[in-house]
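A structural walkthrough
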Amino acid sequence: MVENQNTEEPIAEAAGEAVEETKYTGFLGKVDNYFGITKMKSSFKTEMLAGLTTFMTMVYILMVNANMFGNPYGTGAIIGVSYGAMYIVTALAAIVGTLLMAFLAKLPFAQAPGMGLNAFFVYTICLGMDGKYSYANALLIVLCSGVLFLILTIVGSRKAIVRSVPESIRIAIPAGIGLFIAFVGMQNAGIVALDTSTKVTLLSFNLLKFTTSGAAMIAAAVAFISLLMIAIFSKLKIRGAMVFGIIGSAVLYYIFIGIGYATGSASCEAVFKAITFENPISAFEKFGTEAVGQVFIAGFKDIGGAQIFDFIAALVAFAMVDMFDTIGTLMGTCQAAGKESGLLDEKGEVKNIQKALLCDSIATCTGAILGTSTVTTFVESSAGVAEGGRTGFTSLVVAVLFAIAMFLSPIAALVPSCATAGALMYVGVLMMRNVTNIDWKDPAAAVPAFLTISVMSFTYSISYGIAAGFLSYTIIKLCTGKIKDISPVTAILSLVFLFTFLFTH
């Protein structure tokens, strides 16, 4: 292999511009020219492998998102949309968003309903806020935030707004969401149980109670196993670690349930008898009746003046999180690939970043119409870029694979929530890694960051965490004479959050 590399490099250098000419003819030549595969020093084989890698690392979102919406507390549909409907919605949203990246931005990035944003949608907007907002109302908030994204992107203000937000809060938001998501995963698996004295406690693993609560013990144990499997696979650098962890732990779950059923556990018997296999067409039928278009059918119902502050606060929260997530993913992934990847321009900025942000904005609006939370660029795209993906053809491959997976909903429905809980906890781990970049020695940075992270998880609300961070930052800066450090955006958002606390909470 070393000899081949040595002989190919001089040829490439001597060829000069010729290296950018396609080596393919006919239809493949046209595809190559359109995506610039040869120009980016890539190949169809590399782009397809990169697409497969990205898909394998993010396909877990189909099961996790469907479980979160259709079975938020492990007790069946609560917010009015089923697992099957959300599986189709998630797949379609991923297909649309990723195709936009492929043909508009021509970048090797994939999109899907974002982790953290989906938790905020379900647990804070739909199940929190004293029941003020229905599933359709929440979709309206997402649609409005998508329109806001679109306007900010067109006028070129989106990036400037992100930079005006305090750095410590910008770093703390994904970390806080990560902790929140991990807590949601623990609840879904039953690891965290209700306690009248301490509010929460660890589930009892007393084997003497296995006959009556064996299924709950198995679910909690499988969630831990799922987390450990994903961690081990990730450590071994196995592509698709989350997918393999989810599938492996799901298989173990049914083996353990079968053993429990054989030993006479009543709870395991109930689970065993409840296993069903639905016709894949039923998922599409549920999608048509429960999800698509609900934002227009019922989204404007019961939205009055008393809810306006909550509505604005939620819209801002969606906007802030998505902006940080998308730009952070684009910049971080492309910078990690290096200038030699061709994904960065001479200034070190992501090529076609405005078009990429436009893709994100349109995908969010489309996702709301289809019936899901904010669609964003997935950080797992970095796996495909690391595999050599350099063009929109990588994204096209991902979209095609999601289209195929869309018809496998009955199989995916067999994956228990405890298996996906491990993925939620691992996502929490990934989202916590940047907290080391916070200046913990500076109270003006540390306190807002701490409140952002802790309030999110302790109050079960992402928006309250963001609000606490902004308010504390503004107050500290005002009281220490650092008024110039407060950007107009931060000041406006702080006032919005203050009104929300004083008049709506």
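For the structure, see preceding data.
Report on the accompanying structure. Remember, it's a predicted structure, so these values are computed and weren't measured experimentally.

What follows is about the overall build of the protein. Helix and strand content of the protein: 23 helices and 4 strands. Buried positions account for 55% of the 505 residues belonging to the protein.

Glancing now at the packing of aromatic side chains. For the structure shown, the criterion picks out 13 aromatic pairs. On the numbers, 6.5 Å between centres and 25° between planes, the contact of Tyr83 with Tyr87 is stacked. Taken as a pair, Tyr83 and Tyr87 lie in helix H5 (residues 83-105) at a separation of 4 residues, close to a single helical turn. Each member of the pair, Tyr83 as well as Tyr87, carries the same accessibility label: buried.

Our focus in this paragraph is the nonpolar core. Formed by 134 residues in total, the largest nonpolar core has its most connected members in Met115, Phe121, Ile125, Tyr135, Phe402, Ile466 and Phe497. The biggest single contributor to this core is helix H15 (residues 308-337), with 14 residues. Counting 7 residues, the second largest nonpolar core, distinct from the first, contains Ile171, Ala175, Ala449 and Ile453.

With that settled, the discussion passes to a nonpolar patch on the surface. On the surface, a nonpolar cluster with roughly 470 Å² of combined accessible area is contributed by Leu228, Ile232, Leu236, Ile238 and Phe244. Examined against the element boundaries, Leu236 turns out to sit in the loop between helix H10 (210-235) and helix H11 (241-262). Here Leu236 falls in the exposed class, since its relative accessible area comes to 56%.

With that settled, the discussion passes to helix H22 (residues 462-479). The end-to-end C-alpha distance of H22 is 26 Å, a good match for the 26 Å that 18 residues give at a rise of 1.5 Å each. Taken across its 18 residues, H22 has 14 buried, putting it largely inside the fold. One or two positions beyond H22, positive phi appears at Gly481, with a value near 75°.

One ladder, built from 4 bridges, connects strand E2 (residues 192-195) with strand E3 (residues 199-202); its direction is antiparallel. Bridging from a neighbouring strand, Leu194 pairs with Val200 of E3.

Let us look at the pattern of salt bridges. Opposite charge on two side chains makes pairing possible when the charged atoms of those side chains draw close. The final tally for this structure, using the stated rule, is 1 salt bridge. In this structure, Lys477 engages Asp485 in a salt bridge whose closest nitrogen and oxygen atoms are separated by 3.1 Å.

Most of the time, phi is negative for any residue but glycine, and the peptide bond is trans. Notably, Lys106 is not glycine yet its phi reads approximately 55°, a positive angle. Relative to the elements of secondary structure, Lys106 occurs in the loop between H5 and strand E1 (111-113). Of note in the backbone geometry, Lys237 takes a positive phi value of approximately 60° without being a glycine. Tracing the sequence through the fold places Lys237 in the loop between H10 and H11.

Another aspect to go through is the packing of helix H6 (residues 117-126) against helix H9 (residues 167-188). The contact between H6 and H9 brings their axes to 11 Å, and the two run at 65°. The handedness of the crossing between H6 and H9 comes out as left-handed. On H9, the residues that touch Ala119, Tyr123 and Thr124 of H6 are Phe180, Ile181, Val184 and Asn188. Of the residues in the contact of H6 with H9, the class split is 5 nonpolar, 2 polar and no charged.

Attention now goes to the packing of H9 against helix H21 (residues 443-458). Relative orientation of the contacting elements H9 and H21 amounts to 25°, with a least axis distance of 8 Å. When the axes of H9 and H21 are compared, the pair comes out roughly parallel. The element H9 and its partner H21 pack so that their crossing is right-handed. The segment H9 lies against H21, with Ser168, Ile169, Ala172, Ile173, Ala175, Gly176, Ile177, Leu179, Phe180 and Phe183 engaging Ala445, Pro448, Ala449, Thr452, Ile453, Met456 and Ser457. A breakdown of the residues in the contact of H9 with H21 according to their chemical character gives 13 nonpolar, 4 polar and no charged.

Another aspect to go through is helix H3 (residues 44-58). Side chains of residues three or four places apart in an α-helix project in the same direction, reflecting 3.6 residues per turn. A rise of 1.5 Å per residue sets the reference length of H3, with its 15 residues, at 21 Å; its end C-alpha atoms lie 21 Å apart and thus fit the reference within 8%. Every buried residue of H3 is listed here: Phe44, Glu47, Ala50, Gly51, Thr53, Thr54, Phe55, Thr57 and Met58. Turning to H3, the residues buried within the fold contact helix H2 (26-35), helix H4 (60-70), E1, helix H17 (381-386) and helix H18 (392-405).

Tracing the backbone through its elements, the reader meets Thr474 in helix H22. With near-sequence residues (within four places) excluded, Thr474 lies in contact with Ile486, Thr490 and Ser494.

On to the environment of Pro72. Structurally, Pro72 is set in the loop between H4 and H5. Take Pro72: its relative accessible area is 0%, and that puts it in the buried class. Pro72 sits 50 residues away from Val122 along the chain, and the two C-alpha atoms are 7.5 Å apart. Residue contacts for Pro72: discarding those within four places in its chain leaves Asn67, Ile78, Val122, Tyr123, Leu127 and Asn188.

Each value, and the rule that gives it
Residues numbered from 1 in each chain as written. Predicted model: local features only at pLDDT ≥ 70, side-chain atom pairs only at ≥ 80, totals over all residues. Heavy atoms only, no water. Helix = DSSP H or I, 4+ residues; strand = E, 2+ residues; numbered from the N terminus. Buried < 20%, exposed > 50% of the residue type's maximum accessible area, 1.4 Å probe, protein only. Phe/Tyr/Trp six-rings, centres within 6.5 Å; stacked < 30°, edge-to-face > 60°. Core = buried A, V, L, I, M, F, W, Y, C linked by side-chain atoms within 4.5 Å. Patch = residues over 30% accessible without salt bridge, like charges linked within 9 Å, V, L, I, M, F, W, Y side chains within 5 Å. Areas by Shrake-Rupley, 256 points an atom, 1.4 Å probe, with all protein chains shown as cover. Salt bridge = Lys/Arg side-chain N within 4 Å of Asp/Glu carboxyl O. Expected span 1.5 Å × (residues − 1). Pairing = 2+ DSSP bridges. Axes fitted to C-alpha atoms, helices over the stretch in contact; angles between N-to-C directions. Left-handed = near helix turned anticlockwise from the far one by under 90°. Contact = heavy atoms within 4.5 Å. Nonpolar A, V, L, I, M, F, W, Y, C, P; charged D, E, K, R; others polar. Parallel < 35°, antiparallel > 145°, perpendicular 65-115°, else oblique.

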